[in-house]
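So the chains spell out like this:
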Amino acid sequence: MTAASEATTTHTAGAAAAETARDQLAQRLVDSAVPAMELFAVHLGLELGLYRALDDASTNATEGQSTPDRRSTGGLTEAELAARAGISPRYAREWLEHQVVSGLVACDEPSSPAADRIYRLPPGHAEVLLDADSPYHAGPVATMLAGIARALPLLPDAFRTGGGVPYGAYGDEIREGIRSLNRPGFIHDLASTWLAAMPDVVERLDGDPPARVLDLGCGEGTSTLALAAAYPRIRIVGVDLDARSIAAAQAEAAHVGLGSRVTFVLADANQASGGGPFDFATIFEALHDMGDPVGVLRAVRAGLADGGTLLVADERVADEFTATPGDVERMQYGFSVLHCLPATMAEDPVEAAGTVLRAPTVQRWAAEAGFASCTQLAVDHDFWRFYRMDRSVDA
């Protein structure tokens, strides 16, 4: 084979590979639109109470409640769903048909006239979409994406200028989505698994005098209240920079009767530890969002009592960047580009980490803040790593 023919063969192979890559990428983008739109439709179903109405119909049928409409059969027609949810019947039909073709809602007789079809939630779907305490409660993913969509028009300017997009610009959806996604873990795993990996800390939380605890970046207070419920002797302070989150946390504390042991404070994390000394502190999935992470850790350390401990839970990603990460890291990068990094950049940060917070970075921050040790706990979690930081060596 001559040099010319070899070059031609190489060019032909390269062109064929480029065409294959082109075709695959085009198909991938088209295919990606389908689940993306399904998530936005899920958000509509949650926001408008459509899934709740379908689940109520099934629950009433199971309990033997007879009503004038189709609830007695465990399903609803489009008109019944529209009436129950207070939406237009025409929108109800389109949403229901979309949900059926997406595999999210079942239809008894798809070939029946549209007005006669009966729709219901398949077994197990209500738990994923509606059960706020279930470990399988994934519906809030759609809520979070709706918040990102709200702020999306602001991102191009932030990218061009190096500015940011304030947390509040993402609306209630991002706040509610984060709270709802994390809630099952705080309810089921915080005491039984996460803190159980630190027996000495648990002993202090159960002991006398009552331990003082600080929960930084508490959001709507789910983690704070879960700690207070799990350890009835502690006194705990929850701190967050978002006023609406703190207001919601205070209301929930009063509702569940924990207001006497729980205090919520609207403050910057850098100044929040002045109410110490604290025996124990926590930062759950919030350190990567803080514009001065070393400053925050330094302030927490200063507010800890001798022998005090800080527990940090943050994203479970690889220690180093790789071009072929798993799906979890791909998802974290998506949240970082669209939400976490822009929200941090809006705070004029000292260091903007983004969502993809790697273990060596956490360890560097802990050392710079003066912690005597920073160790990863042997806690199995799909999305988080857990770091124990001790104020003193003999803690």
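Refer to the structure printed above.
Here the residue numbers are simple positions, counted from 1 along each chain's written sequence. In view of the model being predicted, local features appear only for residues whose pLDDT reaches at least 70, and side-chain atom pairs are presented and counted only at 80 or more, with totals across whole chains, interfaces and linings using the full set of residues. Think of the side-chain values as coming from all heavy atoms in the structure, minus any hydrogens and water.

Caption draft 1: Region of the structure containing the nonpolar core. Trp194, Leu195, Leu205, Leu227 and Phe284 are the most contacted members of the largest nonpolar core, which totals 32 residues. Elements represented by at least two residues in this core include exactly helix 9 (190-194), helix 10 (199-206), helix 11 (222-230), helix 12 (243-255), strand 5 (262-266), strand 6 (278-284), strand 7 (304-315) and strand 9 (384-390). By definition in these notes, contact holds between two residues if any of their heavy atoms fall within 4.5 Å. Each residue touching Trp194, except ones within four places of it in the same chain, is listed here: Gly185, Phe186, Asp189, Phe284, Leu377, Val379, His381, Trp384 and Phe386. By nonpolar core is meant a set of buried Ala, Val, Leu, Ile, Met, Phe, Trp, Tyr and Cys residues that side-chain atoms within 4.5 Å join together. Three exposure classes are used, based on accessible area relative to the maximum for each residue type with a 1.4 Å probe and protein chains only: buried under 20%, partly exposed in between, and exposed over 50%. Core analysis: the second largest hydrophobic core is formed by 30 residues, Val239, Ala267, Ala272 and Leu310 among them. The numbering of helices and of strands both runs from the N terminus, where a helix is a DSSP run of H or I of at least 4 residues and a strand a run of E of at least 2.

Caption draft 2: Just the pattern of salt bridges, in detail. By convention in these notes, a salt bridge is any Lys or Arg side-chain nitrogen within 4 Å of a carboxyl oxygen on Asp or Glu. Within this structure, the stated rule accounts for 23 salt bridges. Here Arg175 ties to Glu176 by a salt bridge, and the two come within 3.5 Å at their closest N and O atoms. As a salt-bridge pair, Glu220 and Arg179 come within 2.8 Å of each other at their nearest N and O atoms. Here Glu220 is found in the loop between strand 3 (212-216) and helix 11, whereas its partner Arg179 is found in helix 8 (residues 171-188), with 41 residues between them in sequence.

Caption draft 3: Geometry of the sheet that holds strand 6. Strands were regarded as paired on the criterion that DSSP finds at least two bridges between them. Taken in spatial order, the 7 strands make up an open sheet running 5-4-3-6-7-9-8, and their pairing is mixed. What marks the edges here is a single partner per strand, and that holds for strand 5 and strand 8 (373-376). Geometrically, the sheet is characterised by an average inter-axis angle of 20 degrees between neighbouring strands, direction not taken into account. With 7 bridges joining them, strand 7 and strand 9 adopt antiparallel strand pairing. In the strand pairing of strand 9, Ala313 is matched with Phe386. Where helices are involved, their axes are fitted lines through C-alpha atoms of the stretch in contact, as for all axes, and angles between N-to-C directions lie from 0 to 180°. Across the sheet, helix 12 lies against strand 4 (235-240) and strand 5, angled at about 165 degrees from strand 5, the strand it touches most.

Caption draft 4: Quick look at the side chain of Ser336. Tracing the chain through its elements places Ser336 in helix 14 (residues 327-345). Definition of a polar contact: a pair of N or O atoms within 3.5 Å, with one able to donate and the other able to accept a hydrogen when the atoms are protein atoms, and with sequence-neighbouring residues admitted only if both atoms are side-chain atoms. Of note is the side chain of Ser336, whose polar atom sits 2.9 Å from the backbone nitrogen of Thr355. Non-local contacts of Ser336, meaning those with residues more than four positions away in its chain, are made with Leu341, Pro342, Gly354, Thr355 and Val356.

Caption draft 5: Seen up close, the layout of surface pockets. Its boundaries defined by the atoms lining it, the second largest pocket holds a volume of some 690 Å³. Lining the second largest pocket we find 18 residues, and of these Leu145, Arg330, Met331, Gly334 and Leu338 sit closest to its centre. When residues of the lining of the second largest pocket are traced back to their parent elements, those giving at least two are helix 1 (3-47), helix 6 (140-151) and helix 14. For the lining of the second largest pocket, the leading source of residues is helix 14, giving 7 residues. Asp, Glu, Lys and Arg are counted as charged, while Ala, Val, Leu, Ile, Met, Phe, Trp, Tyr, Cys and Pro are counted as nonpolar; the rest, among them Gly, fall into the polar class. Grouping the amino acids of the lining of the second largest pocket by side-chain chemistry returns 13 nonpolar, 2 polar and 3 charged. Note on definitions: the grid is 1 Å and covers protein atoms alone; a cavity is a set of points where a 1.4 Å probe fits but cannot get out; a pocket is an open set with protein on both sides within 12 Å along at least five of seven lines; lining residues have an atom within 4 Å of a point. Grid points are joined across faces, edges and corners, and a volume is the space filled by probe spheres set on the points.

Caption draft 6: Quick look at the packing of aromatic side chains. Only Phe, Tyr and Trp rings are paired, with Trp represented by its six-membered ring, and only when their centres lie within 6.5 Å; those with planes under 30 degrees apart are stacked, over 60 edge-to-face, the remainder tilted. Under the defined criterion, the tally for this structure stands at 10 aromatic pairs. Consider the rings of Trp194 and Phe284, whose centres lie 5.9 Å apart with planes at 45 degrees: the pair is tilted. With Trp194 in helix 9 and Phe284 in strand 6, this residue pair connects regions lying 90 residues apart in the sequence. This pair shows no difference in class: Trp194 is buried, exactly as Phe284 is. Relative to Trp384, the ring of Phe284 has its centre 6.4 Å away and its plane inclined at 25 degrees; by these criteria the two rings are stacked. A residue pair is termed long-range when its members are at least 10 positions apart, and Phe284 in strand 6 and Trp384 in strand 9 qualify at 100 residues.

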